[in-house]
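Chain and residue survey
The lines below spell out each chain.
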Amino acid sequence: MPAQASNATDAGPDVLPPIQPSEGPDFVQLLTPEGERVEHPDYSLDITDDEIRDLYRDLVLVRRIDSEATALQRQGELGLWANLLGQEAAQVGAGRSLTDADFAFPTYREHGVAYCKGVDPVTLLGLFRGTSQGGWDPQEHGFGLYTIVIGSQTLHATGYAMGIQRDGGQGAAMAFFGDGASSQGDVNEAFVWASVFNAPVVFFCQNNQWAISEPLERQTRIPLYQRARGFGFPGVRVDGNDVLAVLAVTREALARAREGSGPMLIEAYTYRMGAHTTSDDPTRYRLAAELETWKLKDPIERVKAYLSRSGAGDADFFASVDQAADDLAAHVRAGCLALPDPDPLSLFDNVYAEGSPLLDEEREQMASYLASFADTEAVH
Amino acid sequence: MPAQASNATDAGPDVLPPIQPSEGPDFVQLLTPEGERVEHPDYSLDITDDEIRDLYRDLVLVRRIDSEATALQRQGELGLWANLLGQEAAQVGAGRSLTDADFAFPTYREHGVAYCKGVDPVTLLGLFRGTSQGGWDPQEHGFGLYTIVIGSQTLHATGYAMGIQRDGGQGAAMAFFGDGASSQGDVNEAFVWASVFNAPVVFFCQNNQWAISEPLERQTRIPLYQRARGFGFPGVRVDGNDVLAVLAVTREALARAREGSGPMLIEAYTYRMGAHTTSDDPTRYRLAAELETWKLKDPIERVKAYLSRSGAGDADFFASVDQAADDLAAHVRAGCLALPDPDPLSLFDNVYAEGSPLLDEEREQMASYLASFADTEAVH
Amino acid sequence: MPTHPTSTMTLGKALNEGLRKAMENDPKVLIMGEDVGRLGGVFRVTDGLQKDFGEDRVIDTPLAESGIIGTAIGLAIRGFRPVCEIQFDGFVFPAFDQIVSQVARLHYRSAGNVKVPITIRIPYGGGIGAVEHHSESPEAYFAHAAGLKVVTCSNAVDAYSMIQQAIACDDPVIFFEPKRRYWDKAEVDTTASADPLWSANVVREGITATLITYGPSVRTCVEAAAAAEVDGHDLEVIDLRALSPIDWDAVFASVGKTEHAIVVSEAPVFASLAGEIAARISEKCFYSLEAPVLRVGGYSTPYPTSRIEEDFLPDLDRILDAVDRSLAY
Amino acid sequence: MPTHPTSTMTLGKALNEGLRKAMENDPKVLIMGEDVGRLGGVFRVTDGLQKDFGEDRVIDTPLAESGIIGTAIGLAIRGFRPVCEIQFDGFVFPAFDQIVSQVARLHYRSAGNVKVPITIRIPYGGGIGAVEHHSESPEAYFAHAAGLKVVTCSNAVDAYSMIQQAIACDDPVIFFEPKRRYWDKAEVDTTASADPLWSANVVREGITATLITYGPSVRTCVEAAAAAEVDGHDLEVIDLRALSPIDWDAVFASVGKTEHAIVVSEAPVFASLAGEIAARISEKCFYSLEAPVLRVGGYSTPYPTSRIEEDFLPDLDRILDAVDRSLAY
Ligand SMILES: Cc1ncc(C[n+]2csc(CCOP(=O)(O)OP(=O)(O)O)c2C)c(N)n1
Ligand SMILES: Cc1ncc(C[n+]2csc(CCOP(=O)(O)OP(=O)(O)O)c2C)c(N)n1
Ligand SMILES: [Mg+2]
Ligand SMILES: [Mg+2]
């Protein structure tokens, strides 16, 4: 049973408390920042050490994808990169809860979910290098295209879930979005739809505390998971830096959705440790001290601490994961550099599924225009 | 202190109760359908019989405006009319709570509020007759223009309220909207804004049970006033057919807003006893029995019953009100028929405050084109 | 289904029959929108469909246009073929973002992996004596958005086939319905084979000048052509039907013949689709044009109050005036 | 404030100085948008303004564009003069409804009783190597909407004065900023008197043909004109500045002289503002045109990935090619 929203606001806004800190019974945590397993009354996770090792590996690899991409951007190989540093547990926890029957609708930052869904990180890089707008097949991976316009994909996820209801499918949809996105009309309309149609969709909000330069307080006066109360479905806040808690909560939410109990909102309380993107300069709007606090809650360190302390991970294991990360980074780098520039004429491809005479005409124009240069060059 | 949302949904959607009926402690009522004064723990109203007589008069006059306009439409004098039958108490209660310092942002149905704000009903009719798009000066009346695109005005009200905060004004804004409108992104964005900026705005939702042919269940699974919980401000449900309760609740909400305690959502639980508009045919989608039930809760009858029973209103009084209604109806009818058709060239007026050469050119074109007919006719 | 293959029906009824046929032919076709179910739509275009196909296939949605289109996208990704109704032209704008940034682009963005066969039905145009936002002609906004296809019907025969073709099309199609022609009747043969969706229709042949038009203005132009006959003008009238892409061959062939072109539509002329038509004819028929391409349309104002809407809308006189001006060059 | 009346500044900085001046001159001027405060905007156009004018006048808003415009309307009704920033061109669409159905119409709807002096700043255009939705040229959508005025600057000098004029204008103004020219520098004399906001600017005089352009393409056209000199072509370049309404007199005067017109802009050509310009020139300069008006612009595709955006954008070669084609008529 999902934890229910508390009544923090019941006294009215004149005595509204500040936004709740990430503690207390409303906060689902199964692994402390120090790496200790703890219990939660509503959520538990049966998990083997093997599985925790796998999660650790996922976390490290996802972080490595992120850092390699960041490096590639710095070296001019990518136009931009949306950093996920700090959000690995939220994404791996959610990503690993998704089965093949489920479908995830990401923003532009869900590299960790993409990884869990089997999308080659090199493919992701195409978008940021400017060679594609998302080269993977969403149907193949159960992972939609990156969506840049904030909030749009929450409605897509809801519609997809309504489709599952209509074709008797088994899965559920999961919509990813950020704290900033919670203000968009589309996201709130998605809540209305999901609620009214009792759609099997899980709203997974990564509250990383910032929407570019704007702190959470610019989007809400109460904890975000409580938004769901206004729409008649449950909301829960989970420690977004605790991969076990995220896994437990998302699994439960997906199970509820699949069995016909309707939508749920999960607020994964986490922190964007890096810049918004490589174009951003967070020193303009936030204090370094904030980052220091969050470093103590690092999503990877706590799993490492748990594995070390429990003996489930030894030096060999950690070394093998690091090696895998190095290999992956090398793959990402080589793959990125090898990404072919698109043919200019590919401009016209796939604008329409059934083509268009206007596009045909324009393609031909460009082709002969380009050919005229080739001719000129041939002459010289 | 406003009544706070109950925790009806706390068990999660799998055991969601049906939408609450309009009873119980969450429902503010001060005058029963039978005309008995009752107490509510959170809301009370100090009111003289004189004032109640005035309210009665308002209700009757507003209903008469509506019925006369409906008749005018049937007779082909109006293109359309948006009926308010049944919503008189909601509108008069809210309308009478507004002071000169406040500003109301209506939909297309707030004829009762317009009346309270001193807008001549004939002016309203211009819009439905097609001679104007709203001829009153919003600043003069503290009453915005009718807004047809569902939900838009809730953001305007919120912005206006932010303006009050910025210029040190004393009033508050009140946004009117319907149950259907609650699904629009704009309305939910208005909730976000109002909450985040603690803006002095009261959201007044007339839940008349229907959005054209769609029942409330197409918009929400929980009582609408509970939507506010998701945004961190209080919501309250009031008997929208009880003018005293509406007055008490709106006064309180406005007072809170004015004193800096932020927004509040009021759900006025009422019923659209007529068609959506004169173009609509409600027999296609709802049962006559429903109307019969609501007739028993008529907003005017209960005040009449109270006044009769308490002796505060005698036959003379009721007759004088009826006479006033007849006079008003005659004024409305005569005024409507006398509304001048606009000059075709007025097409170009007020598109811009500072004019535009393109408009000047087009106006001139039309003028000489029209003149060419005049010439032709002169010749014949 | 009509019992006889051919029967007289209104444009609105033809759409209704076309929708029914599409739903019968493909179980993935869904209808969604405000009041489309029990009520059958404010214009009754979806009348009876919920009764026959159920609430799961004819969905009364919450009142939010962005939600309608946004969820339709998700349904399309799941393999459905949603037909969304926007209740009136003026209410499509809350959905504009989902339409131009998502519907129009998913196929491109996904390099062809995701099809978005959504049909968005929009009753449009003026002349029905309505209040604000109920008489708009917003076709230019959609024609300018790459990735969308835009069509409009002008009569019951086309309505019946075009709605089915639009639904069957794997691309998103904005389907504009000329609301003041909903009650125009015609003989519809439901067994006849239809013209291609992307073809213009020469509804009247002539040699003096070409009226290029679409949707509600087609009838006006045909009437204008009849009136012009009295003055000895033999006007050709082209119903574009497809607004994006446009069947230029048909247009150029006609203008090449008549050497005079007048574009007629209700939208404000400035930066409109009529501008595109005029610009392209001016370019491609440069040597054959005897007069500049003239445009007759709405003025550069918001749609006015109904008591003066006839002054805003292109009518016979304004069209004939333009013909005279064109021929006077 | 710059210490000296004249100083070299980038276009972005000129906007910043213009905004500052507007805020100093009128306490009712507010700035609102995403990240406009502490961050100073993602392009730093509002840099330092929150620090100097406070959080009540430079408002970091929730992340929702419809909300930004919708609340700005309410502020305007209350007597304020909001300047809204839309972070990137592609993110204006969630606000489209509030812009075209409310901002554009309140003055008309209210018969002049309600003024809506809102300025909506939109960084637009491509060429910066960005991801999807960050390189759009949506000006046609706004130019087609009656009730709005639309302008765009192409250089720091104009930027400084035009932003102030737009804010001072009692009509709503969509203010497009050519984002890839934010870093272009010019000498700005903050004491000079400015051209009228609605006037086009002949940035280069010539006699062979006229390039009609605006915003980011102005520099491209000037460069093309310089290159064309080598071929003996003396091109006139007109920076429209005002896109709605357009300063037609300036356009027609030039085309009357050169008899050749080429319209250059980044937006997909189909149903674009370039269509309006070409259509109107074709009509009004019918007897003087020696060649059809040609258009060089984006293709009818969504804005492509950055690695091929230069093939999408009008560049020197495509402009010169069009000049050659025009002169070959
Ligand atoms: C509709 C829209 N408006 C603005 C933007 C620009 N933008 C990109 S990311 C972002 C902040 C998003 O914040 P949040 O939702 O918290 O997600 P996060 O980036 O923190 O993961 C903004 C304003 C956008 N992409 N889409
Ligand atoms: C954006 C938009 N979509 C659709 C409509 C058409 N429409 C007019 S009224 C209405 C129903 C409104 O229902 P509700 O909000 O409950 O208000 P009520 O009419 O019951 O007072 C609809 C769908 C509209 N005016 N605006
Ligand atoms: Mg965030
Ligand atoms: Mg209603």
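Because the structure is a prediction, the values reported are computed rather than measured.

Here we look at the sheet that holds strand β9 (residues 201–204) of chain C
Residues and elements named next belong to chain C. Strand order across the open sheet formed by five strands is β9-β11-β10-β13-β14, with mixed pairing between neighbours. Each edge of the sheet is formed by a strand with only one pairing partner; in this case those strands are β9 and β14 (294–298). Direction aside, neighbouring strands of the sheet carry axes that sit 25 degrees apart on average. Here strand β13 (residues 261–268) pairs with β14 via four bridges, running parallel. Looking across to β14, one finds that Pro-268 is bridged to Gly-298. Across the sheet, helix α8 (residues 217–230) is in contact with β9, β10 (209–213), β11 (235–239) and β13; its angle to β11 comes to roughly 175 degrees.

Section: the coordination of the magnesium ion (ligand 3)
Residues and elements named next belong to chain A. At 2.0 to 2.1 Å from the magnesium ion (ligand 3) lie its protein donor atoms, namely Asp-179 (OD), Asn-208 (OD1) and Trp-210 (O). Between consecutive donors of the magnesium ion (ligand 3), the numbers of intervening residues give the motif D-x28-N-x1-W. Remark: Trp-210 occurs in strand β5 (residues 210–211) and Asp-179 occurs in the loop between β3 (173–178) and α7 (185–196); sequence separation between them is 31 residues. Exposure class is identical for Asp-179 and Trp-210. Each is buried.

Considering the domain arrangement of chain A
As assigned here, chain A comprises domain 1 (49–337) and domain 2 (344–379). Averaged C-alpha coordinates put domain 1 of chain A and domain 2 of chain A at centres separated by 39 Å.

Concerning the relation of the copies chain C and chain D
At an RMSD of 0.0 Å, chain C and chain D line up after a rotation of 180 degrees and a shift of 0.0 Å along the axis. Taken together, these values place the two copies in the relation of a two-fold axis. Among all residues of chain C, the one whose C-alpha sits closest to the rotation axis is Ala-279 of chain C, at a distance of 2.1 Å.

Things to note about the sheet that holds strand β7 (residues 173–178) of chain C
Residue and element names in this part refer to chain C. Taken in spatial order, the seven strands make up an open sheet running β3-β2-β4-β5-β7-β6-β12, and their pairing is mixed. Both edges of this open sheet fall to β3 (58–60) and β12 (242–244), since each of them pairs with a single strand only. When strand polarity is set aside, the average angle formed by the axes of neighbouring strands in this sheet is 20 degrees. Relative to β7, strand β6 (residues 149–152) runs parallel, the two being bridged by four bridges. Looking at the pairing, Val-151 lines up with Phe-175 of β7. With respect to the sheet, helix α3 (residues 65–77) is in contact with β2 (29–33), β4 (81–85) and β5 (119–124), its orientation differing from that of β4 by roughly 170 degrees.

Quick notes on the domain arrangement of chain C
Residues and elements named next belong to chain C. Partitioning chain C into domains gives domain 1 (6–189) and domain 2 (201–327). Here the C-alpha centroids of domain 1 and domain 2 sit 26 Å apart. With 27 residues of domain 1 at the contact, the number on the domain 2 side is 23 residues. Together, the buried faces of domain 1 and domain 2 total about 1900 Å²; carbon and sulfur atoms form 50% of this surface. Taken together, domain 1 and domain 2 are joined by three salt bridges.

Rules used throughout
- Counting starts from 1 at the beginning of each chain's written sequence and moves along it residue by residue.
- The order in which chains are written sets their letters, starting at A; the order in which ligands are written sets their numbers, starting at 1.
- Selection of residues for local features in this predicted model requires a pLDDT of at least 70, selection of side-chain atom pairs for listing and counting requires 80 or more, and totals for whole chains, interfaces and linings are taken over all residues.
- Each side-chain value is derived from all of the structure's non-hydrogen atoms; neither hydrogens nor water enter the calculation.
- Any two strands with at least two DSSP bridges between them are considered paired.
- The secondary structure listing takes helices from DSSP runs of H or I that are at least 4 residues long and strands from runs of E that are at least 2 residues long, numbered from the N terminus.
- All axes here are fitted lines through C-alpha atoms, helices being fitted over the stretch that makes contact, and every angle between N-to-C directions spans 0 to 180 degrees.
- Every residue pair with non-hydrogen atoms within 4.5 Å of one another is taken to be in contact.
- The rule for donors is simple: N, O or S, within 2.8 Å of the metal, or within 3.2 Å if the metal is Na, K or Ca. Water isn't counted, so a site may look like it is missing partners.
- Here the term buried applies to any residue with accessible area under 20% of the maximum for its type, exposed to any over 50%, and partly exposed to those in between, with areas from a 1.4 Å probe on protein chains only.
- Domain start and end points were adopted from an automatic or database domain assignment.
- Only residues with pLDDT of at least 70 in both copies count here: their C-alpha atoms drive the least-squares fit that superposes the copies.
- Buried area: the sum, over both parts, of the accessible surface (1.4 Å probe) that disappears when the two are put together.
- Salt bridges are defined as contacts in which a side-chain nitrogen from Lys or Arg sits within 4 Å of a carboxyl oxygen from Asp or Glu.

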